[in-house]
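# Report on the structure
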Amino acid sequence: KRWQERLHAAGSCIPCRFYSTPKGCREGSNCRFCHTCVGEAPTRSTNRSRPCKGKRERYKKLVDRLIAKCNEDPLSFDFDAVLLPTSVHSEASLYQKLRTRLNNHREMSLLDTIPSCKWWTPSELPGEGEAPSLCAAEGLGLLIGEPCSF
């Protein structure tokens, strides 16, 4: 029990979910969780519930459609131009998660289109409308997109 008191004093304990319930904690003094943090344990009502199966499937289909659209032409894919359902657009965390996922996919798709060269490693992708960088062997003047013979 001393180690639990030290964890509580350090602020790194995990409150027991069952200690403050009417039946109490079944583990008693053998419980691995903190009984000192009364009322601080998360309850089921404070946890965010999982979306229903239909909503999860619709989101997965949306992601699959957008990834397919990105794969068609990663250079011209613009997430901000995509019309999203209200359920995704209105929920900030879900919108940001989708945006990050698609932008990461786009970057990886763009990296796959760049030919490999032992003199050049992709550190930054050109943005829309920007000219491509030169190969690190600049004296050779090879542009990204041209096959490198090195």
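Structural notes, computed from the coordinates. This one's a predicted model, so the numbers in the text were calculated from it and none came from an experiment.

Here we take up the overall build of the chain. What the chain contains, in helices and strands, is four helices and zero strands. Moving toward the C terminus, one meets the helices and strands of the chain in the order α-α-α-α. Within the chain, buried positions represent 24% of all 150 residues. Sequence-distant contacts, at least 24 apart, represent 45% of the contacts inside the chain between residues at least 6 apart. Total accessible area on the chain is roughly 11,500 Å²; 52% of this is exposed by carbon and sulfur atoms.

Overall, the coordinates contain three salt bridges when judged by the stated rule. Note that D64 is salt-bridged to K60, the shortest N-O span being 3.4 Å. Here K60 and D64 lie together in helix 2 (residues 53-72), a separation of four residues that amounts to about one turn. Overall, D64 belongs to the partly exposed group, its relative accessible area being 39%. For D80, the salt bridge goes to R99, with nearest N and O atoms at 2.5 Å. Placement of D80 in the loop between helix 2 and helix 3 (86-89) and of R99 in helix 4 (residues 92-113) is noted, with a sequence separation of 19 residues between them.

Quick look at the packing of aromatic side chains now. Under the defined criterion, the tally for this structure stands at one aromatic pair. Seen from their ring centres, F79 and Y95 are 5.5 Å apart, and the 55 degrees between their planes marks the pair as tilted. Pair noted here: F79 is in the loop between helix 2 and helix 3 and Y95 is in helix 4, with a separation of 16 residues, a long-range link. Here F79 and Y95 have matching classes, each one buried.

Now for helix 2. Between its first and last C-alpha atoms helix 2 spans 29 Å; for 20 residues at 1.5 Å apiece the expected length is 28 Å, and the two agree. Buried within helix 2 are the following residues: Y59, L62, V63, L66, I67 and C70. One face of helix 2 carries all of its buried residues, which in axial projection span an arc of 130 degrees. Across from the buried face of helix 2, at angles greater than 90 degrees, the exposed residues are K53, R58, K61, R65 and E72.

Space inside the largest pocket adds up to approximately 360 Å³. Lining the largest pocket are 15 residues, with P51, K55, Y59, E91 and L94 sitting closest to its centre. Taken together, the elements giving at least two residues each to the lining of the largest pocket come down to helix 2, helix 3 and helix 4.

The subject of this paragraph is the side chain of H35. Tracing the sequence through the fold places H35 in the loop between helix 1 (2-10) and helix 2. Beyond its immediate stretch of four places on either side in the chain, H35 contacts C16, Y19, C25 and G28.

What follows deals with the nonpolar core. Within the largest apolar cluster, 15 residues are counted, with the highest numbers of intra-cluster contacts made by L66, F79, L84, V88, L98 and L102. Looking at this core, the elements with two or more residues in it are helix 2 and helix 4. Setting aside residues up to four positions removed in sequence, L102 forms contacts with L66, I67, F77 and F79.

So, how was this worked out
Residues numbered from 1 in each chain as written. Predicted model: local features only at pLDDT ≥ 70, side-chain atom pairs only at ≥ 80, totals over all residues. Heavy atoms only, no water. Helix = DSSP H or I, 4+ residues; strand = E, 2+ residues; numbered from the N terminus. Buried < 20%, exposed > 50% of the residue type's maximum accessible area, 1.4 Å probe, protein only. Contact = heavy atoms within 4.5 Å. Areas by Shrake-Rupley, 256 points an atom, 1.4 Å probe, with all protein chains shown as cover. Salt bridge = Lys/Arg side-chain N within 4 Å of Asp/Glu carboxyl O. Phe/Tyr/Trp six-rings, centres within 6.5 Å; stacked < 30°, edge-to-face > 60°. Expected span 1.5 Å × (residues − 1). Arc of directions from axis to C-beta. 1 Å grid on protein atoms, 1.4 Å probe; cavity = no way out; pocket = protein on both sides within 12 Å on 5 of 7 lines; lining within 4 Å. Points joined across faces, edges and corners; volume = space filled by probe spheres on them. Core = buried A, V, L, I, M, F, W, Y, C linked by side-chain atoms within 4.5 Å.

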